[in-house]
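Residues per chain, in single letters:
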Amino acid sequence: MNYKNLKSIYYQDYSSYEEEYFKRLNSIGTIKTSMFPYLMKKESFASNQYPLFVMPLLDILMMMQNIILNSTKISDLATKLPEVAHKQFYQEHLYTAIISTNQIEGIHTTRKDIALAIEALHKKKNAKYVSTVRMYLDILNGDFLHIASIEEIREIYDKLTHGEIDREDEIDGKLFRKDTVSIVNNQSGKIEHIPPGKEDKIIEMLQSWIDFINDENVPFLIKATLGHYFFENIHPFYDGNGRIGRYILANYLSRKLDPFSGLIISKK
């Protein structure tokens, strides 16, 4: 039997939508979480009463297996490269990763910008994107994240966005934003998402995110994907959420898989 996603059921038979959700949520083998995302309906906030879950279907398990096997092959090939070629290959991915990530954020960045940042980093000078380049190079050097506290999320934000946040988008809460924001589609002008509007709620949701990503009873690729979605759903900052989320994801997957597989995720 083909698995129908809940979105298609919602449009085909709304009366059975919620019943099907709870049937899947409570099914044997379902991975349930304590992460409750903010959900929308017709450009308005609808609910945050439904926890995220995953049904590990065969297709998902096979894709996870292939990812792990491919990462092993990449690691084997990388060990055969001379050190200079290894670093050059990683640096090439670093260029495209930062440019792609910034493009998604609406920031125009060129290869020259990144090259100047790398040069400034080597000369221990300040320049635009130096903080970003330094953190991505840390991945290559095996300096991985192990997020265990709310404060560490703010520290990552400060380091990755240093000198790159407009004054009107600077943090006004103790650690995160304290005002309401709306995520608007640049093409249609429609509101796509309304995240939590109070800092206390942001902290509460981020704590459930931390608990989830540190849960050793959940497969790491599932933690990576669900955790990334939930972090972006929380949207704890006025600006830079996409950059922070993709960096955390890239760092995590680099630790669990290999640096090249981890870095390329920022291009997606």
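Below is a summary of the structure that appears in this document.

The rules we used
Residues numbered from 1 in each chain as written. Predicted model: local features only at pLDDT ≥ 70, side-chain atom pairs only at ≥ 80, totals over all residues. Heavy atoms only, no water. 1 Å grid on protein atoms, 1.4 Å probe; cavity = no way out; pocket = protein on both sides within 12 Å on 5 of 7 lines; lining within 4 Å. Points joined across faces, edges and corners; volume = space filled by probe spheres on them. Helix = DSSP H or I, 4+ residues; strand = E, 2+ residues; numbered from the N terminus. Nonpolar A, V, L, I, M, F, W, Y, C, P; charged D, E, K, R; others polar. Buried < 20%, exposed > 50% of the residue type's maximum accessible area, 1.4 Å probe, protein only. Polar contact = N/O pair within 3.5 Å; in protein donor to acceptor, adjacent residues only side chain to side chain. Contact = heavy atoms within 4.5 Å. Phe/Tyr/Trp six-rings, centres within 6.5 Å; stacked < 30°, edge-to-face > 60°. Patch = residues over 30% accessible without salt bridge, like charges linked within 9 Å, V, L, I, M, F, W, Y side chains within 5 Å. Areas by Shrake-Rupley, 256 points an atom, 1.4 Å probe, with all protein chains shown as cover. Salt bridge = Lys/Arg side-chain N within 4 Å of Asp/Glu carboxyl O. Core = buried A, V, L, I, M, F, W, Y, C linked by side-chain atoms within 4.5 Å. Axes fitted to C-alpha atoms, helices over the stretch in contact; angles between N-to-C directions. Parallel < 35°, antiparallel > 145°, perpendicular 65-115°, else oblique.

**Here we look at the layout of surface pockets**
By volume, the second largest pocket is sized at about 300 Å³. Where the lining of the second largest pocket is concerned, the elements lending two or more residues are helix H8 (199-213), helix H9 (220-234) and helix H10 (241-256). Here the lining of the second largest pocket takes 6 residues from H10, the largest share from any one element. For the lining of the second largest pocket, the class distribution of residues is 9 nonpolar, 5 polar and 4 charged.

**Focus on the side chain of glutamate 164**
Residue position: glutamate 164 is located in the loop between helix H7 (150-160) and strand E5 (183-184). What makes glutamate 164 buried here is its relative accessible area of 15%. Looking at glutamate 164, its side chain comes within polar contact range of the main-chain nitrogen of tyrosine 129, at 3.1 Å. Contact partners of glutamate 164, with chain neighbours within four places excluded, come to Lys128, Tyr129, Thr132 and Arg243.

**Re the packing of aromatic side chains**
A complete count under the given rule lists 11 aromatic pairs for this structure. The interplanar angle of 50° and the centroid separation of 5.0 Å between the aromatic rings of phenylalanine 89 and phenylalanine 260 together place this pair among those described as tilted. Of the two residues, phenylalanine 89 is situated in helix H4 (residues 83-104) and phenylalanine 260 in helix H11 (residues 259-264); the sequence distance between them amounts to 171 residues. Residue class for phenylalanine 260 comes out buried when judged on its relative accessible area of 8%. Ring centres 5.2 Å apart and planes at 85° place the aromatic pair tyrosine 136 and tyrosine 247 in the edge-to-face group. Of the two residues, tyrosine 136 is situated in helix H6 (residues 130-140) and tyrosine 247 in helix H10; the sequence distance between them amounts to 111 residues.

**As for a nonpolar patch on the surface**
On the surface, Leu58, Leu61 and Met62 cluster together to form a nonpolar patch covering roughly 290 Å² of accessible area. Mapped onto the secondary structure, methionine 62 falls in helix H3 (residues 58-79). Taking the relative accessible area as the measure of exposure, methionine 62 reaches 38% and is therefore partly exposed.

**Digging into the nonpolar core**
Core analysis: the biggest nonpolar cluster contains 62 residues, and Leu94, Ile114, Val133, Tyr136, Ile153 and Trp209 have the highest contact counts within it. Residues Leu6, Ile9, Phe53 and Met55 belong to the second largest nonpolar core, which totals 6 residues.

**Digging into the pattern of salt bridges**
For the structure on display, the rule yields 9 salt bridges. In this structure, glutamate 20 and lysine 23 form a salt bridge, with 3.7 Å as the shortest nitrogen-oxygen distance. Residue glutamate 20 and its partner lysine 23 are located together in helix H2 (residues 17-25), separated by 3 residues, close to a single helical turn. When the shortest N-O distance is used, the salt bridge between glutamate 204 and lysine 201 registers 3.1 Å. Linking glutamate 204 with lysine 201, this pair stays in helix H8, spanning 3 residues, or about one helical turn. On the basis of relative accessibility, which here comes to 48%, the residue glutamate 204 falls in the partly exposed class. Connected via shared salt-bridge partners are Glu20, Lys23 and Arg24.

**Some thoughts on unusual backbone geometry**
The residue lysine 42 is not glycine, and still its phi comes out positive at about 55°. Within the secondary structure, lysine 42 is located in the loop between strand E2 (39-41) and strand E3 (44-47). Here lysine 124, not a glycine, exhibits a phi torsion of approximately 60°, which is positive. Within the fold, lysine 124 resides in the loop between helix H5 (111-122) and H6. Classification of lysine 124 as exposed rests on a relative accessible area of 79%.

**Focus: the packing of H9 against H10**
Two quantities define a packed helix pair, namely the angle between the axes and the distance from one axis to the other. Between H9 and H10, whose axes approach to 10 Å, the crossing angle comes to 170°. The angle between H9 and H10 places the two elements in the roughly antiparallel class. The segment H9 lies against H10, with Phe220, Leu221, Lys223, Ala224, His228, Phe231 and Glu232 engaging Asn241, Gly242, Ile244, Gly245, Arg246, Ile248, Leu249, Tyr252, Leu253 and Lys256. Here the residues of the contact of H9 with H10 sort into 9 nonpolar, 4 polar and 4 charged.

Limitation: the analysis is restricted to geometry and does not speak to function.
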